[in-house]
Amino acid sequence: MAEVLVYVDHLDGAVRKPTLELLTLARRLGDPVAVALGAGAADTAATLAEHGAVKVLTADAPEFADYLVVPKVDALQAAYDAVSPVAVLVPSSAEGKEIAARLAVRIGSGLITDAIDLTADAKGPVATQSVFAAAYTTNSRITQGTPVITVKPNSAPVEPAAVAGSVEELAVTFGSAATGTKVVARTPRESTGRPELTEAAIVVSGGRGVNGAENFAIIEALADSLGAAVGASRAAVDAGWYPHSNQVGQTGKSVSPQLYIASGISGAIQHRAGMQTSKTIVAVNKDAEAPIFDLVDYGIVGDLFQVVPQLTEAIKARKG
Amino acid sequence: MSLRIVVCVKYVPDASGDRHFADDLTLDRDDVDGLLSELDEYAVEQALQIAGDYDGDGDAEVTVLTVGPEDAKDALRKALSMGADKAVHVEDDDLHGTDALGTSLVLAKAVEKTGYDLVICGMASTDGTMGVLPAMLSERLGVPQVTLLSEVSVEGGTVKGRRDGDAATEQLEASLPAVVSVTDQSGEARYPSFKGIMAAKKKPVESLDLGDLDIEAGDVGLEGAWTLVESATERPARTAGTIVNDEGKGGDQLAEYLVSQKFI
Ligand SMILES: Cc1cc2nc3c(=O)[nH]c(=O)nc-3n(C[C@H](O)[C@H](O)[C@H](O)COP(=O)(O)OP(=O)(O)OC[C@H]3O[C@@H](n4cnc5c(N)ncnc54)[C@H](O)[C@@H]3O)c2cc1C
Ligand SMILES: Nc1ncnc2c1ncn2[C@@H]1O[C@H](COP(=O)(O)O)[C@@H](O)[C@H]1O
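Because the structure is predicted, anything quoted here is derived from the model rather than measured.

Student: Please explain the interface of chain B and chain A as it appears in this structure.
Tutor: Think of interface size as the accessible area that goes away when the parts come together; that is how it is often given. Of the residues lining the interface, 73 residues belong to chain B; the matching set on chain A comes to 84 residues. Buried surface at the junction of chain B and chain A, summed over both partners, amounts to about 6900 Å²; 56% is from carbon and sulfur atoms. Taken together, chain B and chain A are joined by 6 salt bridges. Arg234 of chain A is the partner of Asp184 of chain B in a salt bridge, and the nearest nitrogen-oxygen pair spans 2.7 Å. Linking chain B with chain A are 39 residue pairs in polar contact (both at pLDDT 80 or more), by the criterion used here.

What follows is the structure in structure tokens.
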């Protein structure tokens, strides 16, 4: 059966959820061959095999951490040359898109980014995308070379599909461009203990209406009662109330959870661009005319300082 | 040494307008006003700041470059009125429908023809929102990519910057020439002054077509595109949701809704 290359996003060997979703999609196209790079790469193998990776290619070298993006492209290209896959799938993170873009240029292939679904027919993969701030859904395919496709988190279920996967070390020779951009310092983001924003099943977001960094505790309390991630509008981020890494929208993270709860957010097009594909949308806003209400499945016109704590208490009471 | 900065700017349909597809499934540009992509204003701003801070042997010069239709001149004018020195417009009927790979080819050739030490891009275009062109440009030009920077500076022959990545914040460094992209966290873009707007009218705008760049028409445009949009459907309007006025029990009602939807 044809092989499909899957680029693995992991943190010291812990495979991140979007990669497991990618394996679900990859199995629609062929046999997944995973490529895991950097510290802990070999530790990913068991999890990947449980989710259908027939082979895991691993490589570790200081270059992966010490230089930006290009060493990973060299490695992915080495895997591509070794496997001759029918498609290359990469998670749609900022870095993932850059890796995919450079690979596409190198191997002379078309590129599709931010797919939200993948199917296959006789002519190859068809990618579904959501465009113009989710006003349209498109189906596209790649007509030249081996399709290189990046896929957004939450685009497919994680499905166990255990195989007796093999692990092989991938031989990588770094080109001269690999060491062009040096990472002189790295500060890992501190974990909040909450789910990753892009991966979370529920996202609870606050905007300008939250009116102060200290008040975000109300949003966090609701999030914690639901086991949710916390998001913020750009207005809240620009005001310094919440970190930029939690911004939802065009220039922040794009999320597609089962449930999105927006409080004190008006629903500007750039915010919608990052959350409109959420399955269920709920909003609390004191302005009945706020555009966010055009999107909601359930909306409360009211003061978030009343509604949100009451909601949190009601959830806690039910959960006991 | 002088410092030659080329800023890649895109002319995009206004995001607050009603963007839709034309019959050939490319973007319909007729019905929506276009403008300089807001995210590329940040790139122009950083270019002007780097040029202003530059104290090498020669001068720093900022050229703005766009690949786009006739109207894309508006985007160049805006960037010139912000303070860029000159502009290059790559315009050719055969470019209609070009995909990211094709655009990166055209930009790379145009950047090389213009001459550069530093290329600055926005983080993503506000219409295509792929965020891939800076990486592609770096690959094609064979120079380092220093991308998605929330802070950038040039010291001597080195570009430095801060990248707020998904898992970590990184301090990056590369030797010039290089390709940089900046985010909307890099600092508010200036408004053109009246003087700037007047001055922009006299600044040179060079027009180039595919022939000037030695690019075959078949390598770009809809024909040359390596991705094919097969269908585009308008997302069905969301079925109108339930909207309730809070009369003291809004939080409890919301909790009941969440229970009914099995979220609790
Ligand atoms: C190029 C570009 C990129 C952008 N990218 C993003 C992005 O990634 N993400 C993003 O979010 N924005 C983005 N924006 C900004 C966007 O246009 C809006 O300005 C922003 O989303 C507004 O945030 P907000 O809804 O929190 O604030 P506002 O629009 O000010 O809305 C605040 C809302 O809170 C309500 N409110 C106030 N007090 C209360 C209360 N006590 N109880 C209940 N409701 C209350 C008000 O009725 C109002 O509707 C971008 C803009 C541009 C130009
Ligand atoms: N047609 C174009 N002309 C000039 N620059 C462009 C063009 N398209 C994209 N760019 C640049 O590439 C960046 C990323 O674009 P994209 O990969 O399309 O999201 C933009 O912010 C611009 O700086």
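We are not done yet, so read on.
Student: What is the right way to read a nonpolar patch on the surface from this model?
Tutor: Residue and element names in this part refer to chain B. A cluster of nonpolar side chains, namely Phe194, Ile197 and Met198, defines an oily patch on the protein surface of about 310 Å² accessible area. Summarising the element assignment, Met198 is placed in helix 5 (residues 194–200). Since its relative accessible area comes to 38%, Met198 is described here as partly exposed.

Student: I keep staring at the nonpolar core and nothing clicks. Help me out?
Tutor: The nonpolar side chains of a soluble globular protein tend to be buried with one another. Residues Leu111 of chain A together with Ile5 of chain B are the most contacted members of the largest nonpolar core, which totals 80 residues. Ranked by size, the runner-up nonpolar core spans 33 residues in total, among them Leu259, Val284 and Ala314 of chain A together with Val244 of chain B.

Student: So what exactly am I meant to see when it comes to the site of ligand 2 here?
Tutor: All names here are of chain B. The local shell around ligand 2 holds 18 residues, among which Cys8, Asp40, Val67, Ser125 and Gly131 are the closest. Contact between ligand 2 and Cys8: an oxygen atom at 2.6 Å from a main-chain N or O atom of the residue. Within the backbone of Ala124, a nitrogen or oxygen atom sits 3.5 Å from an oxygen atom of ligand 2. In the complex, 96% of the free accessible area of ligand 2, which totals 480 Å², lies under the protein chains. Elements that contribute at least two residues to the shell around ligand 2 include exactly strand 4 (60–67), helix 3 (100–114), strand 6 (118–122) and helix 4 (133–141). Considering each element in turn, the shell around ligand 2 owes the most residues, 3 residues, to strand 4.

Student: Just to check I follow, could you spell out the domain arrangement of chain A for this structure?
Tutor: All names here are of chain A. The domain architecture assigned to chain A consists of domain 1 (3–179) and domain 2 (202–319). If you average the C-alpha positions of domain 1 and of domain 2, the two centres end up 32 Å apart. Taken together, the contact between domain 1 and domain 2 spans 6 residues of the former and 8 residues of the latter. Here domain 1 packs against domain 2, burying approximately 520 Å² in sum over the two surfaces, 55% of which is carbon and sulfur. Together, Ala133, Lys152 and Asn154 form the three largest contributors to the area buried by domain 1 at its contact with domain 2, with a combined 68%. By residue class, the composition of the side of domain 1 that touches domain 2 is 3 nonpolar, 2 polar and 1 charged.

Student: Sorry if this is basic, but what is going on with the pairing of strand 8 (residues 124–131) of chain A here?
Tutor: Looking along a regular strand, one sees side chains alternate from face to face of the sheet. Residue and element names in this part refer to chain A. Along strand 8, 7 of the 8 residues are buried, which leaves the element largely enclosed by surrounding structure. Note that strand 7 (residues 111–121) and strand 8 share 6 bridges and pair antiparallel. Paired with Ala115 across the strands is Gln129, a residue of strand 8. Here strand 7 folds back onto strand 8, and the loop between the two strands holds 2 residues. Relative to strand 9 (residues 136–142), strand 8 runs antiparallel, the two being bridged by 5 bridges. What sits directly across from Thr128, in strand 9, is Asn139. Remark: 4 residues form the turn of the hairpin made by strand 8 and strand 9, two consecutive strands paired antiparallel; Phe132 in that turn has positive phi of roughly 50°.

Cut-offs and rules
- Residues numbered from 1 in each chain as written.
- Chains lettered and ligands numbered in written order.
- Predicted model: local features only at pLDDT ≥ 70, side-chain atom pairs only at ≥ 80, totals over all residues.
- Heavy atoms only, no water.
- Contact = heavy atoms within 4.5 Å.
- Buried area = accessible area lost by both parts, 1.4 Å probe.
- Salt bridge = Lys/Arg side-chain N within 4 Å of Asp/Glu carboxyl O.
- Polar contact = N/O pair within 3.5 Å; in protein donor to acceptor, adjacent residues only side chain to side chain.
- Patch = residues over 30% accessible without salt bridge, like charges linked within 9 Å, V, L, I, M, F, W, Y side chains within 5 Å.
- Areas by Shrake-Rupley, 256 points an atom, 1.4 Å probe, with all protein chains shown as cover.
- Helix = DSSP H or I, 4+ residues; strand = E, 2+ residues; numbered from the N terminus.
- Buried < 20%, exposed > 50% of the residue type's maximum accessible area, 1.4 Å probe, protein only.
- Core = buried A, V, L, I, M, F, W, Y, C linked by side-chain atoms within 4.5 Å.
- Near = heavy atom within 4 Å.
- Domains from an automatic or database assignment.
- Nonpolar A, V, L, I, M, F, W, Y, C, P; charged D, E, K, R; others polar.
- Pairing = 2+ DSSP bridges.

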